[in-house]
2 protein chains.
Amino acid sequence: MTKVDIYDTLLRDGTQAEDVNFTVKDKVRLAEAFCDFGIRFIEGGWPGSNPRDIEFFKAIKKSSAPIDSIAAFGSTRRAKRSCETDENLQALLEAEVPNLTIFGKTWDLHVREALKLSPEENLELIHSSVSYLKSKVDRVFYDAEHFFDGYKANREYAIKTLFAAKEAGADCLVLCDTNGGTLPDSLVEIIEDVKKHVGTYPLGIHCHNDSDCAVANSTLAVKHGITQVQGTMNGYGERCGNANLASVIPNLQLKYGFECVPAANLKKLRVLSRLVNELGNLKHNIHQPYVGRSAFAHKGGVHVSAIMKNSRTYEHIEPELVGNTQRVLVSDLSGKSNLIYKAKDFGLDIDSNDPAITGVVEKLKELENKGFQYEGAEASFELLMRKAMGRFEPFFDSLNFRVIDEMRDKSDSTVAEATVMIEVQGETEHTAATGNGPVNALDNAIRKALSRFYPNLNGMTLADYKVRILTTGTGTQALTRVLIESKDDNDTWGTVGVAHNIIEASYQALIDSIEYKLLKDRENAQNT
Amino acid sequence: MTKVDIYDTLLRDGTQAEDVNFTVKDKVRLAEAFCDFGIRFIEGGWPGSNPRDIEFFKAIKKSSAPIDSIAAFGSTRRAKRSCETDENLQALLEAEVPNLTIFGKTWDLHVREALKLSPEENLELIHSSVSYLKSKVDRVFYDAEHFFDGYKANREYAIKTLFAAKEAGADCLVLCDTNGGTLPDSLVEIIEDVKKHVGTYPLGIHCHNDSDCAVANSTLAVKHGITQVQGTMNGYGERCGNANLASVIPNLQLKYGFECVPAANLKKLRVLSRLVNELGNLKHNIHQPYVGRSAFAHKGGVHVSAIMKNSRTYEHIEPELVGNTQRVLVSDLSGKSNLIYKAKDFGLDIDSNDPAITGVVEKLKELENKGFQYEGAEASFELLMRKAMGRFEPFFDSLNFRVIDEMRDKSDSTVAEATVMIEVQGETEHTAATGNGPVNALDNAIRKALSRFYPNLNGMTLADYKVRILTTGTGTQALTRVLIESKDDNDTWGTVGVAHNIIEASYQALIDSIEYKLLKDRENAQNT
């Protein structure tokens, strides 16, 4: 298998995204995880631009990440400095890593308007900077900034800039679509033309996603002879992001047969993608190709009955290859086949001829008519099935609740107070709590009532809360659906509630969420 | 300019995404907006599969959307039925729209394993179904499901299925990458081969995004002669989604010079993209190409100083072309011009030299930091501007409120009761009311307090109520934004409220809604 060098710049270009930030500690942890996964180069930062990045290059040397994988990023020297006195180049050397990546200007517009230099002066900057660094470290990669735009504006000059870096000994000439405006056909054409000029010299690609083509462009570039792919895990980066390596890697490895990471590691892809989000406090994109929670989720009834016969019918790869799994969603678009699949998924041994399943189907229809919906609320669905099949032993019985929201004297902050009465293990608990809003107050009061009996509830938190108004057109009288996502150390689960009263809907979803936690903990205790 | 037919299937394929659901009313509103934008065909649903879609096709006829743009979706007939007795085909005809799209099997694996038919029987299903429908309506589009996978498995048979549809009179043969596994180079190769066989017959493309290449594939397909592009606004769809039309359209129109929508409409793209999310209660993807809030946002210092000299240096297109704007994240220069832009957009008469505008800018920044947002809440924005500029005379003063939600004895229906104290025309009104939920109770109590003084409030009703959780990750403590739509005989207006407490946020939006009604009625009375 032909090898391709994957170069991740999440820790530098990725952090230029509006909502992306990592602590030094997180950056080190991510670098270790990327190395472990088999990514060849990890760009850790731009030591000349901020102190956090300088700290990173100190910390990484005490980590488990092999230093041979770590790269630092910077620009060519300034026009009025020598290489020896240029702060940026010196900061790169002070990072003390064997791989340095520097970017230079390709586009004559930039040379004129941003640098205010002559075209020849710029060529000299590139040559001297690359050559100086190459005399000091193992590898120097040259990022030809705005290569494709520069090529379109002045082809001859753009190619000259590549030659300046090549002649200075750059280990790879990386063609950058900095503004992300290049479409695949012209990208491929330009790569082919560059190859004619530079011959069999190592070329790289660095794409941005402004035309929604970064993954396609990077994938095609390798097919056309590029050997280094720069991108970011999950595609984070300035503006619309960089080429998403979580898509590029499986495209190249599973579909074209290139080796980006050791074959056995590919199944860690999903976990790695989620780690990036967890550390960055970013929401998982459920629709993300290959690694998203919905990437192999089937909702339409036609699809479900087909995949039960043969997964290939609606799945482009086996989800397990990237650490993902097939899922079947239950909704009014789906039929009995979805239900049986789900039951099996929950470990409920159910036969398609079991008379109990008719009861479940009917209960489900009744609830769906009321506005219930179980996409994203699989925990509620499992509880529903177990209850309808008589396979649920209750943990407590909720008797009543009251929530008061009060604003006094035109004050800005409303007070919310909840009281609940719950029967649990023969005792009646009557508790009260305040909260940041009515649902938070209710949540606090329920936990207060139950935690004496079930201390494991302290290990559970609410991760997300969504509200949806179902029947529009009737204003504040409308039916309300609440979705709650909860988590503990091992798991994440969703529950749902539906009522005219938003507080009642929230209460239902909260209760389901707690019942599910208690159920799973009981099952785990029984299995060990 | 060569025209390309854009075909949006958000209302059908889009709703097969795990988290996407629209009410019938929202579907109609979106269809109207798509038509208005200039999308040629809008697929409204699959009438044979669920009652909600049947309702849509009834409702759409009473809307402003021209029926010539509306399409219904379904499958070829079942093997054991004639066209006349096939429920699916009959449901398509009952939709009473001039465009019908039916899908048939291309891939011999599906024919064998899912349909359990012989290859010849499948060809006959396609031919008879297309031919039957074509005798009844203006246009029949044939979706060749799994075309690319089918072609790879059995090229000869895949092409035969196209001929079956072509000979039956299909108006367009749509090549579907149903599983989304096809990469651009093989997609283009296959399209070229198909063209050799079918000649200059109209071809369409329908891509899914499982390899993160749906936009690139759709864009390239048009370059290679495809004339109908099926996709969804914002890319929602089963699993990883469909080709994102909010990227495909500007790619084709701005970069290749095809005409997808009238040139003047393209600048409505961003608003349209946001409308889809607002109605679907879906989070805006800030990094979305072309339309995302970050798509032209510059964070890196190098980038910022360059774009201040020349925007082209780091922007692939002018953001205004798609209704977006440049943003600078380091030093925010956009405040005042943004505001004047918005004010003009809302038709509010404001002079850019008015000294009061500085106060408005500050108030607006403060509120936007708190999570306020005025898309869909123009009435609140107008009130905000008037108040900040001292151009608002209050109608009443709200002093305090209290809402109680109570569930007793495990009953199904929670009771909601609200009390409010409002000062109006020198009197203090203290009223109480119940309601279907806490916000409805509050609404009833406020009206009860005010209607003696302002009987015109009886002519106003709440048309819609939406709740959105702003800061996810903190569960039920999160910040809540409430959007309320109100109407009277002449007008419809939106208001917003933001608070940790959902009841407080609703209260703010309710009060704004009433103040706006009173303001407009006073203005109208003064003008007549």
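Calculation notes
Residues numbered from 1 in each chain as written. Chains lettered and ligands numbered in written order. Predicted model: local features only at pLDDT ≥ 70, side-chain atom pairs only at ≥ 80, totals over all residues. Helix = DSSP H or I, 4+ residues; strand = E, 2+ residues; numbered from the N terminus. Buried ≥ 20, exposed ≤ 12 C-beta atoms within 10 Å, placed from the backbone. Contact = placed C-beta atoms within 7 Å. Pairing = 2+ DSSP bridges. Axes fitted to C-alpha atoms, helices over the stretch in contact; angles between N-to-C directions. Nonpolar A, V, L, I, M, F, W, Y, C, P; charged D, E, K, R; others polar. Expected span 1.5 Å × (residues − 1). Core = buried A, V, L, I, M, F, W, Y, C linked by C-beta atoms within 7 Å. Parallel < 35°, antiparallel > 145°, perpendicular 65-115°, else oblique. Left-handed = near helix turned anticlockwise from the far one by under 90°. pLDDT = per-residue confidence, 0-100. Domains from an automatic or database assignment. UniProt positions renumbered as here; feature names shortened; annotations may be inferred.

**As for the overall build of chain A**
Counting its secondary structure elements, chain A contains 17 helices and 16 strands. Across its three principal directions, the C-alpha atoms of chain A cover 85 × 60 × 50 Å. Counting every position in chain A, which comprises 528 residues, the buried fraction comes to 55%. At a minimum sequence separation of 6, the contacts of chain A that also span at least 24 residues come to 68%.

**Points about the sheet that holds strand β16 (residues 492-499) of chain B**
Residue and element names in this part refer to chain B. Spatially, β14-β15-β16 is the arrangement adopted by the 3 strands of the open sheet, whose pairing is antiparallel. Each edge of the open sheet carries a strand with a single partner, namely β14 (461-469) and β16. Pairwise comparison of adjacent strand axes, ignoring direction, gives a mean angle of 20° for this sheet. Across 8 bridges, the pairing between β14 and strand β15 (residues 480-487) is antiparallel. From the neighbouring strand, K466 faces β15, where its bridge partner is L483. Packing against the sheet, helix α17 (residues 502-527) makes contact with β14, β15 and β16, and its axis sits at approximately 150° to β16.

**Things to note about the sheet that holds strand β12 (residues 415-424) of chain B**
Sheet architecture is open: 6 strands sit in the order β13(A)-β12(A)-β11(A)-β11(B)-β12(B)-β13(B), paired in antiparallel fashion. Unpaired on one side and paired on the other, β13 (427-435) of chain A together with β13 (427-435) of chain B mark the two borders of the sheet. Neighbour-to-neighbour, the strand axes of this sheet turn through a mean angle of 10°, independent of strand direction. Here strand β12 (residues 415-424) of chain A runs beside β13(A); their pairing, made up of 9 bridges, is antiparallel. Residue pairing across strands places A:A418 opposite A:A433, the latter belonging to β13(A). Helix-sheet contacts for helix α16 (residues 438-450) of chain B involve β11 (397-407) of chain A together with β11 (397-407), β12 and β13 of chain B, and the interaxial angle to β12(B) is about 35°.

**Quick word on the interface of chain A and chain B**
Each partner contributes residues to the interface: chain A has 101 residues there, and chain B has 99 residues. In terms of residue class, the side of chain A that touches chain B is made up of 37 nonpolar, 36 polar and 28 charged. Sheet topology note: the β11(A)/β11(B) ladder contains 7 bridges and is antiparallel. From the neighbouring strand, A:R402 faces β11(B), where its bridge partner is B:E406.

**A few points about helix α11 (residues 269-280) of chain A**
Residue and element names in this part refer to chain A. Under the 1.5 Å per step criterion, the end-to-end length of α11 is 17 Å for 12 residues, consistent within 8% with the ideal 16 Å. Taken residue by residue, α11 has L269, R270, L272, S273, V276 and G280 as its buried positions. In this fold, the buried residues of α11 make contact with α1 (24-37) and α10 (245-255).

**Some points on the pairing of β11(A)**
As paired elements, β11(A) and β12(A) share 9 bridges and run antiparallel to each other. Looking at β12(A), one finds that A:I404 is bridged to A:E417.

**Focus on the nonpolar core**
Grouped together as the largest cluster of nonpolar side chains are 302 residues, with contacts concentrated most on A:L175, A:L442 and B:L175. Excluding residues that lie within four positions of it along the chain, A:L175 makes contacts with A:A144, A:F147, A:F148, A:I191, A:V194, A:L203, A:G204 and A:I205.

**Observations concerning the environment of B:D138**
All names here are of chain B. Note on placement: D138 falls in the loop between α5 (119-134) and β5 (139-145). The spatial distance from the C-alpha of D138 to the C-alpha of L100 is 8.5 Å, given a sequence separation of 38 residues. Non-local contacts of D138, meaning those with residues more than four positions away in its chain, are made with P98 and N99.

**Some thoughts on the packing of helix α5 (residues 119-134) of chain A against helix α7 (residues 155-167) of chain A**
All names here are of chain A. Running from N to C, α5 and α7 cross one another at 25°; their axes reach a closest spacing of 7 Å. Classified by the interaxial angle, the pair formed by α5 and α7 is roughly parallel. Crossing of α5 against α7: the hand is right-handed. Contacts from P119, L123, I126, H127 and V130 of α5 reach α7 at Y157, K160, T161, A164, A165 and E167.

**Some details on the confidence of the model for chain A**
The predicted coordinates should not be examined in detail at positions where pLDDT is low. In the predicted model, chain A carries a mean pLDDT of 90, and the fraction of residues at 70 or more is 95%. This complex was scored by the predictor with a pTM of 0.76 and an ipTM of 0.77.

**Topic: the packing of α7(A) against helix α8 (residues 184-198) of chain A**
Residues and elements named next belong to chain A. Close contact between α7 and α8 brings their axes to 11 Å; oriented N to C, the two are set at 50°. Our classification of the angle between α7 and α8 gives oblique. Considering how the two elements wind past one another, α7 and α8 form a crossing that is right-handed. For the pair formed by α7 and α8, the contact residues are I159, L162 and K166 on the first element and V194, H197 and V198 on the second. Of the residues that constitute the contact of α7 with α8, the class distribution is 4 nonpolar, 1 polar and 1 charged.

**Quick look at the domain arrangement of chain A**
Partitioning chain A into structural domains gives domain 1 (5-261) and domain 2 (397-527). Here the C-alpha centre of domain 2 of chain A lies 49 Å away from the C-alpha centre of domain 1 of chain A.

**Quick notes on the UniProt feature "domain: Pyruvate carboxyltransferase" (unreviewed entry) in chain A**
Mapped onto the present numbering, the UniProt feature "domain: Pyruvate carboxyltransferase" (unreviewed entry) falls at residues 4-270 of chain A. For residues 4-270 of chain A, the helix share is 42%, the strand share is 16%, and the end-to-end C-alpha distance is 20 Å.

**A look at unusual backbone geometry**
For A:K116, which is not a glycine, the phi torsion comes out positive at approximately 55°. Note that A:K116 resides in the loop between α4 (108-115) and α5. Of note in this structure, B:N234 is not a glycine but carries a positive phi near 70°. Relative to the elements of secondary structure, B:N234 occurs in the loop between β8 (228-231) and α10 (245-256). Looking at B:N234, the number of C-beta atoms within 10 Å reads 28, which means it is buried.

**What to know about the pairing of strand β15 (residues 480-487) of chain A**
Residue and element names in this part refer to chain A. The buried fraction of β15 is high, at 7 of 8 residues. Looking at chain direction, β15 and strand β16 (residues 492-499) are connected through 8 bridges and run antiparallel. In the strand pairing of β16, I484 is matched with T495. Joining the antiparallel neighbours β15 and β16 is a turn of 4 residues.

**Describing α10(B)**
Residues and elements named next belong to chain B. Within α10, 9 of the 12 residues are buried, which leaves it mostly tucked inside the rest of the structure. Every buried residue of α10 is accounted for by L245, A246, S247, V248, I249, P250, N251, L252 and Q253. Residues of α10 that are buried sit in contact with β1 (5-8), α9 (214-223), β8 and α11 (269-280). Count one or two residues on from α10 and you reach G257, which has phi positive near 80°.

**Examining the environment of A:K166**
All names here are of chain A. Relative to the elements of secondary structure, K166 occurs in helix α7. C-alpha of K166 to C-alpha of I422: the two residues are 256 residues apart in sequence and 75 Å apart in space. Ignoring anything within four residues of it in the chain, the contact list for K166 reads L173, V198 and Y201.

**Comments concerning the environment of B:E406**
Assignment of secondary structure puts B:E406 in strand β11. With sequence-adjacent residues up to four places away left out, B:E406 is seen in contact with A:R402, B:T414 and B:V415.

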